[in-house]
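Reading the structure
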Amino acid sequence: MLHAQDLGGAWDLRGATVDPLSGLVPGCVHVDLMNDGRLPDPFLDDNEKAVAWVGHTDWEYSRDLAWDGPGHERVDLVFDGLDTVAAIELGGVTLGATRNMHRSYRYDVTALLDDGANWLSVRFESAYAEAERVREKLGPRPNAYPEPFNFIRKMACSFGWDWGPTLVTAGIWRPVRLEGWSTARLATVRPLATLDKTGRLDLTVDVERTRERDLRARVLLDELEIATLDLPGGVITKHAVIDAGAVQPWNPRGYGEATLYNLTVELLDGDEVLDRWERRTGFRTVELDRAGGGFVFHLNGSPVLVKGVNWIPDDIFPSRMKRERYERRLREAADAGVNLIRVWGGGIYEAREFYEVCDELGLMVWQDFLFACADYPEEEPLYSEVVAEARENVTRLAPHPSLITWSGNNENLWLHEAMGWENGHSWGARYYLETLPAIVAELDPSRPYQAGSPWPGRPGLPPNDPAHGTFHSWEVWNREDYLNYRDSAPRFVAEFGWQAPPAWTTLREAVSDDPLLPGSPGVLHHQKAEDGNGKLARGLAPHFGAPSGTEAWHYLTQLNQVRAIRTGVEHWRSQWPHTGGSILWQLNDLWPVTSWAAIDGAGRHKPLYHALKELFAEQALTFQPRDGGLVVAVLNDHPAEWTGPLLVERQDTGGAVLATVTQWVTVAARSVTLIPVPVAVAEFGDPASELLVGRFGDVRALWFAVEDREFTHDDPGLTVDVHTVPGGLDVHVQAVGLARDILLQPDRIHPQAVADKGFVTLLAGESAVFHVRAPLDLDPASVKAPWVITNLSAVL
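Residues numbered from 1 in each chain as written. Predicted model: local features only at pLDDT ≥ 70, side-chain atom pairs only at ≥ 80, totals over all residues. Heavy atoms only, no water.

**Things to note about the overall build of the protein chain**
Here is the rule we go by: What counts as a helix is a DSSP run of H or I of at least four residues, what counts as a strand is a run of E of at least two, and both are numbered from the N terminus. Each radius of gyration reported is based on C-alpha atoms, and the globular scaling rule is 2.2 Å times the count of residues to the power 0.38. When accessible area is computed with a 1.4 Å probe and restricted to protein chains, residues below 20% of their type maximum are described as buried, those above 50% as exposed, and intermediate ones as partly exposed. Exposure was quantified through the Shrake-Rupley algorithm and a 1.4 Å probe, taking into account, for residues, occlusion by the shown protein chains and nothing else. In this charge count, Lys and Arg are treated as positive and Asp and Glu as negative; neither His nor the chain ends contribute. In plain terms, the charge of a residue is placed at NZ if it is Lys, CZ if Arg, CG if Asp and CD if Glu.
If you tally the helices and strands in the protein chain, you get 17 helices and 44 strands. Against the 2.2 N^0.38 benchmark of 28 Å for 796 residues, the protein chain shows a C-alpha radius of gyration of 28 Å, consistent with a compact globule. In the protein chain, which comprises 796 residues, the share counted as buried stands at 61%. If you sum the accessible surface of the protein chain, you get close to 28,700 Å²; carbon and sulfur atoms cover 49% of it. Side chains of the protein chain carry 72 positive and 112 negative charges; the gap between the two charge centres is 2 Å.

**Remarks on the nonpolar core**
In plain terms, the rule: The criterion is simple. A nonpolar core is a set of buried Ala, Val, Leu, Ile, Met, Phe, Trp, Tyr and Cys residues joined through side-chain atoms within 4.5 Å. Two residues form a contact once any of their heavy atoms are found within 4.5 Å.
In terms of nonpolar packing, the biggest core is built from 160 residues, with Leu-77, Phe-79, Ile-88, Trp-161, Ile-172, Phe-354 and Phe-369 touching the most fellow members. Here this core takes ten residues from helix α14 (residues 550-573), the largest share from any one element. Discounting chain neighbours no more than four positions away, the residues touching Trp-161 are Tyr-145, Phe-149, Ala-156, Trp-344, Ala-372, Cys-373 and Lys-528.

**Some thoughts on the packing of helix α5 (residues 323-335) against helix α6 (residues 352-361)**
Test applied: Comment: axis = line fitted to C-alpha atoms, over the contacting stretch for helices; angle = value between 0 and 180 degrees taken between N-to-C directions. The hand of a helix crossing depends on one turn: near helix anticlockwise from the far one by less than a right angle means left-handed, and clockwise means right-handed. Residues were grouped as follows: Ala, Val, Leu, Ile, Met, Phe, Trp, Tyr, Cys and Pro as nonpolar; Asp, Glu, Lys and Arg as charged; and all remaining residues, including Gly, as polar.
The geometry of α5 relative to α6 is characterised by a closest axis approach of 9 Å and an angle of 35 degrees between their N-to-C directions. Between α5 and α6 lies a crossing whose hand is right-handed. On α6, the residues that touch Arg-323, Tyr-326, Glu-327, Leu-330, Arg-331 and Ala-334 of α5 are Glu-353, Phe-354, Glu-356, Val-357, Cys-358, Glu-360 and Leu-361. In terms of residue class, the contact of α5 with α6 is made up of seven nonpolar, no polar and six charged.

**Side note on the pattern of salt bridges**
Rules: Any carboxyl oxygen of Asp or Glu within 4 Å of a side-chain nitrogen of Lys or Arg constitutes a salt bridge here.
One pass over the structure, following the stated rule, counts 55 salt bridges. A salt bridge links Glu-130 to Arg-99; the nearest nitrogen and oxygen atoms lie 2.8 Å apart. With Glu-130 in helix α4 (residues 127-138) and Arg-99 in strand β7 (residues 93-99), the pair connects residues that are 31 residues apart, well separated along the chain. Given a relative accessible area of 30%, Arg-99 falls into the partly exposed group. Across the pair Asp-730 and Arg-773 runs a salt bridge, and its minimum N-O distance is 3.0 Å. Of this pair, Asp-730 sits in strand β39 (residues 728-734) while Arg-773 sits in strand β43 (residues 767-773); the two residues are 43 residues apart in sequence, bridging distant segments of the chain. Several salt bridges converge on common partners, so that one network encompasses Arg-74, Asp-76, Asp-80, Arg-106, Asp-108, Arg-177, Glu-179, Arg-185 and Glu-208.

**Some points on the sheet that holds strand β42 (residues 760-762)**
To keep it simple, the criterion reads: In this analysis, strands are considered paired if DSSP registers two or more bridges between them.
Taken together, the three strands give an open sheet; going across it, the order is β42-β40-β44, and neighbouring strands pair in antiparallel fashion. Only two strands of the sheet have a single partner each, and these edge strands are β42 and β44 (789-790). Here strand β40 (residues 739-744) runs beside β42; their pairing, made up of two bridges, is antiparallel. For Ile-742, the partnering residue across the bridge sits in β42 and is Val-760. Strand contacts of α14: β40 and β44, with the helix running at about 115 degrees to β40, the strand carrying the most contacts.

**Side note on the packing of helix α7 (residues 382-397) against helix α9 (residues 429-443)**
Contact geometry for α7 and α9: axes closest at 10 Å, N-to-C directions at 35 degrees. Here α7 and α9 pass one another in a crossing that is right-handed. Contacts between α7 and α9 involve Leu-382, Tyr-383, Val-386, Val-387, Ala-390, Arg-391, Val-394 and Thr-395 on the former and, on the latter, Arg-430, Tyr-431, Thr-435, Leu-436, Ile-439, Glu-442 and Leu-443. When its residues are assigned to classes, the contact of α7 with α9 shows ten nonpolar, two polar and three charged.

**Some thoughts on the sheet that holds strand β13 (residues 184-196)**
Strand order in the open sheet formed by three strands is β13-β14-β17, with antiparallel pairing between adjacent strands. Each of the sheet's edge strands pairs with one partner strand only, and the pair in question is β13 and β17 (237-245). Taken pair by pair, the neighbouring strands of this sheet meet at an average axis angle of 20 degrees, ignoring direction.

**Overview of the packing of aromatic side chains**
Rules: Between 30 and 60 degrees the pair is tilted, below 30 it is stacked and above 60 it is edge-to-face, where a pair is any two Phe, Tyr or Trp rings, Trp via its six-membered ring, whose centres lie within 6.5 Å. Only lysine NZ and arginine CZ atoms are considered, and such an atom sits over a ring when it is within 6 Å of the ring centre and within 35 degrees of the ring normal.
Inspection of every chain in the model, using the stated rule, returns 39 aromatic pairs. Note on Tyr-555 and Phe-759: the rings are 5.5 Å apart at their centroids and 80 degrees apart in plane angle, and the pair reads as edge-to-face. Here Tyr-555 is found in helix α14, whereas its partner Phe-759 is found in the loop between β41 (754-755) and β42, with 204 residues between them in sequence. Under the relative-accessibility criterion, Tyr-555 is labelled buried at 0%. On the basis of relative accessibility, which here comes to 14%, the residue Phe-759 falls in the buried class. Each member of the aromatic cluster is reached from another via a ring pair, and the members are Tyr-145, Phe-149, Trp-161, Trp-163, Trp-344 and Trp-585. The ring centre of Phe-711 lies 5.2 Å from the NZ or CZ of Arg-740, which sits over that ring.

**So, the pairing of β13**
The pairing of β13 with strand β14 (residues 198-209) spans twelve bridges and is classified as antiparallel. Residue pairing across strands places Thr-188 opposite Asp-206, the latter belonging to β14. Remark: one residue form the turn of the hairpin made by β13 and β14, two consecutive strands paired antiparallel; Lys-197 in that turn has positive phi of roughly 70 degrees.

**Digging into the state of the cysteines**
So the rule is basically this: Criterion for a disulfide: a pair of cysteine sulfur atoms within 2.5 Å.
Counting across every chain of the model gives zero disulfides. Looking at the unpaired Cys-28, the closest cysteine sulfur is the one in Cys-157, lying at 13 Å. No disulfide involves Cys-373; its nearest neighbouring cysteine sulfur is the one of Cys-157, lying 11 Å away.

**Comments concerning α6**
α6 sits mainly inside the fold: seven of its ten residues count as buried. When α6 is considered as a whole, its buried residues turn out to be Phe-354, Tyr-355, Glu-356, Val-357, Cys-358, Asp-359 and Leu-361. Close packing links the buried residues of α6 with β19 (272-281), β23 (306-311), α5, β24 (340-343), β25 (364-368) and α7. A positive backbone phi angle near 75 degrees is found at Gly-362, which sits one or two residues after α6.

**Let's talk about α14**
The following threshold applies: To estimate the expected span of a helix, subtract one from its residue number and multiply by 1.5 Å.
Here α14 is 24 residues long and its end C-alpha atoms lie 34 Å apart, about the 34 Å a rise of 1.5 Å per residue gives. The buried count for α14 comes to 22 of 24 residues, which makes it a mostly enclosed element.

Here's what the structure looks like:
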């Protein structure tokens, strides 16, 4: 049986100008230096600049190496990931060199270990040196950011992005081990599990041999044998299509159980098990309906409204990511009503644990190949690296039913044309239109491939065309008011977003500016978007005017982010199935920063996170302007029809009903119904003091005819009662009059406190309870501190 010896733990680390220290594997140089007290935290103030030297320095990890396992014909040294440009030596013998963070590496070290212990050295050259060398050889290529990330196969955003720091890492970033084996081992197992009345398992097994013996591969599903594959001596690849029998389908969230099965492949020499491969997989079908320019995913025959979020690496130092953190973040997404995660092309192919958690939660995964916002050379030494990287990762991720589509790149096809990047050099089109689709067609025909995002579905159309395929809606954030989201109905919105600062405590912990101002140096350093604060200010102006101070700026920009995203999502949901869904930019951050994220870099929930629970709810209500009037869009993303009385009232701020209409409504499953609001109800007498209220079952929607700065914000007469309960506080808030956008900021009570709600609007006489929880006792009096609870009337 194959035996694995983990080589993780303490290694020796040295750099050209750094005294030796202990390094942790898996890990990276930055984290090791921080742990040893030799590097300031780059997340604080502008320390990012002070640590830039690390990325320009060469490093070496080393240790003594000996095989302590049973005797085997072959012992391999296996690296699951090296970041990035590395030379590996054992006992002074060169094993190989690497230039790709996104691949694994295996070296036969049997002969070198026969004499006992040997010294293992992994020397990392600066990624900058490699990138500059390739750029000099192949010629310049434009990109959206000033660093040379498009000349090296490495996590692009480690070179900085418009939400991330420039922290160019090096290290043994994924597990490393010795593997001892005899006769043969399972080199790769590639299962494609689909449904065709019964379960269908399209299985390819590759073996590596030391001897040409007749072998068998036994295939088990939940420990029951479903097939045996013969591998006569000399055969190294076996393909079979196996009937898995009556299986339950894997379904995305909201469509049934995400059923998983334990799939095992055993390699046998007679009755001896030589190697064993085990994963959990699920059976489902995936189709992408692109008829007429559309873009609608069908899972198991059912069209699925995508309620998605874009995922960036959750830590700028991805070696720190463990299953617990993946599970926490992805469960947060699922709890917010998300059903799809797009793994963005400037990051990494995530660890196995990421996809396993998505499988378990029923979260669909859209996986970009790792190209983003740049022209990429198609020549060597990059081309063969891209091919090897793609083949390995398509095979590695094949077992995961959550993975439903491959996409060739992020924005490269669009930006090459829109930015006029043509310079006579190769730029990546061969990858996206030829190489990658051919690899997916060969290795994973069970999932649809798209050339990129955005992409209209075929050449000859504008790359970012709202009428065809996927669309990235960035003109609104960059140059327009968020109400302009309503000006079009794209077929699918794969990116859109609106910025806001992180939670107050996250900002305060990262920035020591005194006074802390929106434009103070530390705050601006943690704002990476071009003219980001200017866009925030211009976004506030038509709705709220200029904020009175930093706390008001923080509150209002958080609110404006929610308003903007609500405007887009509700509009696009009301267009279903013409609009096949939307993917928010973005779920998460990888450091403390003002960004588009719903969860900030410290893991704290912005108010936007709580708003997603309403926006992505199975059943929702929204007022929408249509054809010169107003309609109530009844959004039913539920497997059963939704029926009942729809009540629409026009009220004043004191709760008096000025006009009303009731209509019985039936909305079919997975559909939208638009109900016109009669003019007698929709026509405001005093727009500055009136609003529309729509109610359907337990769901409510509000509509205001004028901007917040034009509305009458009387004192709502809030009363706040705080009750100590096990695990925290229950905060009861009661309103006499209309109280718009009440916000409780739990981190202002205690840095570890969390709340179950974001912005809450109460009509006259209504109340709400904010559940605040923490792993320690909370002081009820802290709720009365400034800015812990506020509402819009107190800010404007």
